[in-house]
Every structure is written in structure tokens, then in C-alpha cells.
Amino acid sequence: MNNHYLSSVNKEFDHQMIKFLLTQAKEFNVPIISDEGINLLIQLIKISSSKKILEIGTAIGYSSILMALFSDAIITTIERDEKMVVLAKNNIKKANLTSRVTLIQGDGRDISLEDNDYDILFIDAAKAAYIDLFEKFSKNVKTGGIIICDNLLFKGQVENPDIIESRNRRQLVKKIDKFNQYLVNNSNFNTYIYGIGDGISISIKK
Ligand code: SAH
Ligand code: MG
């Protein structure tokens, strides 16, 4: 949701590195997480005292760098796009976060991680792969841990697929709806989908 009053009353990030990342995201047309979304994520990390986070979908590193800047968690983040990997690596270095943010290059569907003690999993990758990514990486989250997924409303299009002209887009939006249904009906997690940012789910692993 984009509320002008809240945008004016809430504080913006006052940080040079963040301003640089916002400009770079625009320049490369990268869909970074909303202000609401990243603030929610940071507060969840703090409320849950989370120390170990796994992210799927780094892009330029905006969300992982902000999570690292505003908490003391360590972050592993996975990105498949070579060009994004180069940008993100540079940004992580520039932010002096190489000791706390580890970037793994590759498609999340091909990568397996050994650790099973992640406090938080943040899925923000290709929407068509969400069920696979959730099934796979939720296994790496500890009991009581949190899984957060972004873009579950896809700019309002998920609730209204019939008005979408592009067939590909319509298929994609149907996949997101399928994921949302899968998620709320998955009895191994307590899930609620919020209308925050572009639609964000919070699931707690039972
Ligand atoms: N989390 C970032 C934005 C990520 S945009 C932020 O808020 O700052 C989504 C990114 O996920 C893109 O860079 C895309 O290349 C990557 N991606 C999509 N599907 C993926 C997959 N299956 N494995 C790894 N990365 C993926
Ligand atoms: Mg997103």
C-alpha cells in the first residue's frame, strides 16, 4: 500500500549507502522491497532476536544490506543473475559488510544448504519458483523460525487475473495465487498474508 500521509510522517532512511542503493535500483530497474516491507523485516529480526538469515533473491543487495545494517544478524543470500551478483558483491564491500553478508551465486533450485538453524528465511525471487523454494529452504529454518515471502499481491494483479492482457503475466499471477493457497493451507506453518508493501506473508515454522 502506498499511503501518502504515512510516507510523509514515517522517516526515510538517512544513510548515504542506502540512498546510493535506491538510485542504483532505479538505474537498473531492479524491483527492490518496499519501504514498508523492509521496515517490517528489520523489526521482525529485532523482535525475534534473529541472528541467522537466509535470503533467496539478492538483486543488488538492497534488502540484505539493510537487514545487516540495522541488526546484528549474519545473512546468506542467493542470486542467480551474474550481472546482479557483480553489483551486489561491490555493494556489500562498499557497505563494509563482507564479514556478515555472504553471497552465493546460483539458482536457488540447484543449491542445497547444510545448516538447519536459520532463524529467518526471506524468499524474494522468481514467483513461479516460490513453492519449490519454500519447500526446499524452509527445511533449513529452525522450529519456531520465520519465513517471509514478498510480492504475493503482485501490484494488485493476483486478485484480478482476468483483466490482465498478457497471457504470460496471467499465468504468473495464477501461480502466485496457487502459492498463496498452498502457503495458508500448509499445516506445518502458521501463516498470514498481509497487505504490506506488495503483499508479504509471515509464516512461523511449527
Ligand atoms: N531482495 C531484493 C530484490 C530481489 S529481486 C531486494 O529487495 O533488495 C529478485 C531477484 O531474484 C532477481 O535479482 C533475480 O535474478 C533473483 N532470482 C529469481 N529467481 C531466482 C532463483 N530461482 N534463484 C536465485 N535467484 C533468483
Ligand atoms: Mg520483492
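Residues numbered from 1 in each chain as written. Chains lettered and ligands numbered in written order. Predicted model: local features only at pLDDT ≥ 70, side-chain atom pairs only at ≥ 80, totals over all residues. Heavy atoms only, no water.

## Things to note about the pattern of salt bridges
Here comes step 1: The final tally for this structure, using the stated rule, is 8 salt bridges.
Here comes step 2: Of the charged contacts, one joins Arg109 and Asp107 as a salt bridge, the two residues approaching to 3.0 Å between their closest N and O atoms.
Here comes step 3: Residue classification places Arg109 among the partly exposed positions, given a relative accessible area of 41%.
Here comes step 4: Asp107 gets classed as buried once you look at its relative accessible area, which sits at 18%.
Here comes step 5: Sharing partners across several salt bridges, the network here consists of Lys52, Asp115 and Asp117. (Salt bridge = Lys/Arg side-chain N within 4 Å of Asp/Glu carboxyl O. Buried < 20%, exposed > 50% of the residue type's maximum accessible area, 1.4 Å probe, protein only.)

## Some thoughts on helix 5 (residues 82-94)
Here comes step 1: With 13 residues, helix 5 should cover 18 Å at 1.5 Å per step; its first-to-last C-alpha distance of 19 Å lies within 8% of that length.
Here comes step 2: Taken residue by residue, helix 5 has Met84, Val85, Leu87, Ala88, Asn91 and Ile92 as its buried positions. Within helix 5, the buried residues cover an arc of 170 degrees as seen down the axis, which keeps them to one side. Turned more than 90 degrees away from the buried face of helix 5, the exposed residues are Glu82, Lys93 and Lys94.
Here comes step 3: One side-chain oxygen of the residue at the start of helix 5 lies 2.9 Å from the amide nitrogen of Lys83, identifying that residue as Asp81.
Here comes step 4: Of the residues one or two after helix 5, Asn96 is the one with positive phi, at around 60 degrees. (Helix = DSSP H or I, 4+ residues; strand = E, 2+ residues; numbered from the N terminus. Expected span 1.5 Å × (residues − 1). Arc of directions from axis to C-beta. Polar contact = N/O pair within 3.5 Å; in protein donor to acceptor, adjacent residues only side chain to side chain.)

## A short note on the site of ligand 1
Here comes step 1: In the vicinity of ligand 1 there are 20 residues, among which Ile33, Gly57, Glu79, Gly108 and Asp124 approach most closely.
Here comes step 2: A distance of 3.0 Å is found between a nitrogen atom of ligand 1 and a side-chain nitrogen or oxygen belonging to Asp107.
Here comes step 3: Contacts to ligand 1 include Gly108, whose backbone N or O atom sits 2.8 Å from a nitrogen atom.
Here comes step 4: Taken by itself ligand 1 offers 580 Å² of open surface, and the protein chains cover 92% of this.
Here comes step 5: Elements represented by at least two residues in the shell around ligand 1 include exactly helix 4 (62-69) and strand 2 (74-79).
Here comes step 6: Taken together, the residues of the shell around ligand 1 sort by class into 9 nonpolar, 5 polar and 6 charged. (Near = heavy atom within 4 Å. Areas by Shrake-Rupley, 256 points an atom, 1.4 Å probe, with all protein chains shown as cover. Nonpolar A, V, L, I, M, F, W, Y, C, P; charged D, E, K, R; others polar.)

## Let's talk about the coordination of the magnesium ion (ligand 2)
Here comes step 1: On the protein side, the magnesium ion (ligand 2) has Asp124 (OD), Asp150 (OD) and Asn151 (OD1) as donor atoms, found 2.1 to 2.2 Å from it.
Here comes step 2: Positions of the donor residues of the magnesium ion (ligand 2), expressed as sequence spacing, correspond to D-x25-D-N. Placement of Asp124 in the loop between strand 4 (118-123) and helix 6 (130-137) and of Asp150 in the loop between strand 5 (141-149) and helix 7 (167-184) is noted, with a sequence separation of 26 residues between them. Side by side, Asp124 and Asp150 carry an identical accessibility label, which is buried. (Donors = N, O, S within 2.8 Å, 3.2 Å for Na, K, Ca; no water.)

## Regarding a nonpolar patch on the surface
Here comes step 1: On the surface, Tyr5, Leu6 and Val9 cluster together to form a nonpolar patch covering roughly 300 Å² of accessible area.
Here comes step 2: Mapped onto the elements, Val9 comes out in helix 1 (residues 4-9).
Here comes step 3: What makes Val9 partly exposed here is its relative accessible area of 46%. (Patch = residues over 30% accessible without salt bridge, like charges linked within 9 Å, V, L, I, M, F, W, Y side chains within 5 Å.)

## Remarks on the confidence of the model for the chain
Here comes step 1: Per-residue confidence for the chain gives a mean pLDDT of 96; residues scoring 70 or more make up 100%.
Here comes step 2: When pLDDT is averaged over each helix and strand of the chain, the minimum, 93, is found for helix 1 and the maximum, 99, for strand 1 (residues 52-56). (pLDDT = per-residue confidence, 0-100.)

## Some details on the environment of Ile42
Here comes step 1: In this structure, Ile42 sits in helix 3 (residues 35-47).
Here comes step 2: A residue is classified by how much of its surface remains accessible, and Ile42, at 6% relative accessible area, is buried.
Here comes step 3: Taking the C-alpha atoms as reference points, Ile42 and Tyr62, 20 residues apart in sequence, are found 13 Å from one another.
Here comes step 4: Discounting chain neighbours no more than four positions away, the residues touching Ile42 are Phe13, Leu66, Met67 and Phe70. (Contact = heavy atoms within 4.5 Å.)

## Some remarks on the sheet that holds strand 4
Here comes step 1: Judged by pairing direction, the sheet is mixed, and its 7 strands sit side by side in the order 3-2-1-4-5-7-6 without closing on themselves. Looking along the sheet, the strands with just one partner apiece sit at the ends: strand 3 (101-105) and strand 6 (189-194). Direction aside, the axes of adjacent strands within the sheet are offset by 15 degrees on average.
Here comes step 2: The pairing of strand 5 with strand 7 (residues 200-205) spans 4 bridges and is antiparallel. Of the residues in strand 7, the one forming a bridge with Cys149 is Ser201.
Here comes step 3: Where helix 3 meets the sheet, its contacts fall on strand 1, strand 4, strand 5 and strand 7, and the angle it forms with strand 7 comes to roughly 20 degrees.
Here comes step 4: Lying over the sheet, helix 7 contacts strand 5, strand 6 and strand 7, oriented at roughly 140 degrees with respect to strand 6. (Pairing = 2+ DSSP bridges. Axes fitted to C-alpha atoms, helices over the stretch in contact; angles between N-to-C directions.)

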